[in-house]
Every structure is written in structure tokens, then in C-alpha cells.
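The residues making up each chain are set out below.
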Amino acid sequence: GGIVHETRALWLNPNSYLTKKDIETVVERADAAGLNMIVADIFVRSTLIAKSDLFQMHSKVEQGLDPLACLIEKAHGKGIEVHPWFCVTYRDQAIRKKLPGVDVINKDGKVEELPADVHRPEYRDFIVKLMTGVARDYNVDGIHLDYIRAMEKCYCGKCKEEFQRQFSKPLTGATDDDWIKWQREAIGDIVRRTAEGVKAVKPRAMMSAAVFSNLHGGALQGQDPADWAKKGWIDIVMPMDYNMDTLSVRNTEKEFLDILDDDNKLVTGLSLYMRSGAMTLNRSPVLVKQQIQMVRRL
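Residues numbered from 1 in each chain as written. Predicted model: local features only at pLDDT ≥ 70, side-chain atom pairs only at ≥ 80, totals over all residues. Heavy atoms only, no water.

### As for the packing of aromatic side chains
Phase 1: This structure, assessed with the given rule, holds eleven aromatic pairs.
Phase 2: Aromatic side chains Phe 43 and Phe 126 sit 6.4 Å apart centroid to centroid with 65° between the ring planes, which places their arrangement in the edge-to-face category. Placement of Phe 43 in strand β2 (residues 37–44) and of Phe 126 in helix α3 (residues 121–137) is noted, with a sequence separation of 83 residues between them. Like Phe 126, Phe 43 is buried.
Phase 3: Between Tyr 123 and Phe 126 the ring centres are 6.1 Å apart and the planes differ by 50°, which places this aromatic pair in the tilted class. Of this pair, Tyr 123 and Phe 126 both sit in helix α3, three residues apart, roughly one helical turn. For the pair formed by Tyr 123 and Phe 126, the shared burial category is buried. (Phe/Tyr/Trp six-rings, centres within 6.5 Å; stacked < 30°, edge-to-face > 60°. Helix = DSSP H or I, 4+ residues; strand = E, 2+ residues; numbered from the N terminus. Buried < 20%, exposed > 50% of the residue type's maximum accessible area, 1.4 Å probe, protein only.)

### Topic: the pairing of strand β1 (residues 9–12)
Phase 1: In terms of strand pairing, β1 meets β2 through four bridges, oriented parallel. Paired with Leu 12 across the strands is Ala 40, a residue of β2.
Phase 2: After leaving β1, the chain enters helix α1 (residues 20–32) and then returns to the sheet as β2, a path that is right-handed. (Pairing = 2+ DSSP bridges. Right-handed = clockwise from strand over helix to strand, strands pointing away.)

### Focus: unusual backbone geometry
Phase 1: Unlike most non-glycine residues, Arg 45 shows phi in positive territory, near 50°.
Phase 2: Structurally, Arg 45 is set in the loop between β2 and β3 (47–48).
Phase 3: Phi angles above zero are rare outside glycine, and Met 151 is one such case at about 75°.
Phase 4: Summarising the element assignment, Met 151 is placed in the loop between β7 (142–146) and α4 (157–167).
Phase 5: According to the relative accessible area criterion, Met 151 is buried, its value standing at 17%.

### Some thoughts on the nonpolar core
Phase 1: Ranked by size, the top nonpolar core spans 64 residues in total, and within it Ile 127 and Leu 145 carry the most contacts.
Phase 2: In terms of residue count, α3 provides more of this core than any other element does, eight residues in total.
Phase 3: Those residues in contact with Ile 127 that lie beyond four places of it in its chain are Phe 43, Val 88, Arg 91 and Ile 190.
Phase 4: Core analysis: the next-biggest nonpolar cluster, separate from the first, contains twelve residues, Cys 154, Tyr 155, Cys 156 and Phe 167 among them. (Core = buried A, V, L, I, M, F, W, Y, C linked by side-chain atoms within 4.5 Å. Contact = heavy atoms within 4.5 Å.)

### What to know about helix α8 (residues 246–259)
Phase 1: Helix length check: α8 (14 residues) gives 20 Å between terminal C-alpha atoms against 20 Å at 1.5 Å per residue, within 8%.
Phase 2: Those residues of α8 lying buried are Thr 246, Val 249, Thr 252, Glu 253, Phe 256 and Leu 257. Taken around the axis of α8, the buried residues stretch over an arc of 140°, which confines them to a single face. Every exposed residue of α8 that faces more than 90 degrees away from the buried side is listed here: Leu 247 and Asp 258.
Phase 3: Buried residues along α8 sit against β8 (206–212), α6 (215–220), α7 (225–230), β9 (236–240) and α9 (285–297). (Expected span 1.5 Å × (residues − 1). Arc of directions from axis to C-beta.)

### Here we look at the pattern of salt bridges
Phase 1: Counted by the stated rule, this structure contains 18 salt bridges.
Phase 2: Residues Asp 189 and Arg 124 are paired through a salt bridge, measuring 2.8 Å at the closest nitrogen-oxygen approach. One end of the pair, Asp 189, is in helix α5 (residues 176–201); the other, Arg 124, is in helix α3, with 65 residues separating them in the sequence.
Phase 3: We classify Asp 189 as buried; its relative accessible area is 15%.
Phase 4: Asp 189 is the salt-bridge partner of Arg 192, the closest N and O atoms lying 3.1 Å from each other. (Salt bridge = Lys/Arg side-chain N within 4 Å of Asp/Glu carboxyl O.)

### With respect to the state of the cysteines
Joining two cysteines, a disulfide is a covalent bond between their sulfur atoms.
Phase 1: Scanning all chains against the criterion turns up zero disulfides.
Phase 2: Counting only cysteine sulfurs, Cys 156 is the nearest neighbor of Cys 154, a cysteine outside any disulfide, at a range of 3.6 Å. (Disulfide = S-S within 2.5 Å.)

### Observations concerning the pairing of strand β10 (residues 273–276)
Phase 1: One ladder, built from four bridges, connects β10 with strand β11 (residues 279–282); its direction is antiparallel. Paired with Ser 276 across the bridge in β11 is Met 279.
Phase 2: Between β10 and the antiparallel strand that follows it, β11, lie two residues; Gly 277 among them carries a positive phi value of about 65°.

### Structural notes on the side chain of Asp 241
Phase 1: With respect to the helices, strands and loops of the structure, Asp 241 is situated in the loop between β9 and α8.
Phase 2: Within the buried set, Asp 241 has no salt-bridge partner at all; the shortest N-O distance to an opposite charge, 8.2 Å, is to Arg 283.
Phase 3: If we ignore the near neighbours within four places in the chain, the residues touching Asp 241 are Ser 213, Val 249, Thr 252, Glu 253, Thr 268, Gly 269 and Leu 270. (Lys, Arg positive; Asp, Glu negative; His and termini not counted.)

Put into C-alpha cells, the structure is as follows:
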């Protein structure tokens, strides 16, 4: 009927919906703003804002509340979709109590604080089961993958052995092309298995992924959004296009439009804030509006 149907989404911080009152406020504000999708962060570091038999729920959740179920109920009442958001590899050391041996070891032999090693099958099994379990247990409209990347290069003994066996040379001698192939295998395994598992329990649910706006940087960490979309693993590609310069955002968006077979799979991730040293500041609404209008024109 001549109406443009567009995704108008908000990435929602996990601290924003820990109580019923918080949830009611968030949904009311999203509805008033004309949004039609809430992408709610439910798993980051060792914080889970949902019920699962694989991991404990965050202790700061209001007693007796299932925040994800409540958010879905309130949002659906306003015609707003809810897509639970998982920070796939962004784990703190608390996860090691449950999954020992998934540390990322850097080139100097030191443990990286945050990432889990995606080359470890036991970690991939865990995160895939967690995400597909949430899709099974909740009336979700989709599952959103963030930190769907290696984060850091791992030089642990197992990675060295596996790389040597596959590439017939030491990991320390890996080229950029080697790293891209090596990382994409592990990350792609997570994306494929999650997509298959989600579609099996919620056939109409949409799979989305937040990816680097710099395609080469994302590739080095295992991202391949065009291939994921082509294979049907990802329905929505969300580049994290946080540049202050609108022309730069335009150029990035055109790159993604060029590599995607279906332009409707592109949903631009713009930023409402910016960082200045240790401070977080609001961006000018004029700039945000300018970038939204530019994306609409594309």
C-alpha cells in the first residue's frame, strides 16, 4: 500500500529491565518513540537475564520475576518484537568455574581476561545450547548475536596443535588469510548451529548479528556476514556503524549493500552516544536524525 516497512530497533542494556517497573517504563518509552523491535541484552560477561538449566540467572533480578518473559509479554502487547541479545564470546572469569580450559592465551602466554576460546568445542556447544534453549523456552521473535567474533588471537597449546595439523605450519607464522580461514571456521560453526537450532524450535524467528562495520577487521575475527546471509543462517545483518561522520557511515552502508544479495537484510546499527575518555556522552539528536535519514535514502 505504499507504506515503507522498516526495522526501528533499540539495543537494550541488561540493567534496564531488572524489575517489572523498569520493563513497563522501557516498553512505554519504546512505543512512544515509534520503535517496533527491542533487542534485549540477556547474556554478557557472566550475567544472564533469563531462566536456563545451563546457567544461573543474574542475582540483581527482582525476586520472583522472569524479566525476559515479562518484557516479551509487555512488548508484544504494544506490537513490539523482542529479540534476546547474546554477547557470544564476551565472558569474564566466572565462566571458567563452569567451563574450565576455555581461556584465550595471548602470544606472551598470558590469559586474556574477557574472551572465551571459540576454538574449544565445549564452549561452542555450551553457547549454542544456551541460545537455542532460550528460543525454545520463550516466545521470542528472533535471536541476536553480538560479539560473534574471536575477540583475540589464541595461542594456547590446543590451538597451536590444531592449527599445525590443519595448515602444516606453526600458528606463530599464520598470515592474515590463515587467521581469517581459521577464525571463520569456529565462528561459522556457532552461527550455523544456532540458526539451525533456533529455526527448529521457532521456524519464524529471525536470526540477526551485530558485526564490525570494517569488513576486513571483522573477517580477521571470524565474521563473514555476506556468506551467513547467503546461506540463510542470518536474516538481519547489523553493522555497528558508530562513526560521527555521516559520509563515512554512508560509504560503509554502500559496502554492505554491495556484498549482500538481499538489501532488506541490512539493518544499520547507529549510535545514540559517544565516548570521551572515561565519559559517555549523548550524541546530538540532529546528527542521529541526519544519519537515520541518510540510511532511509539508501
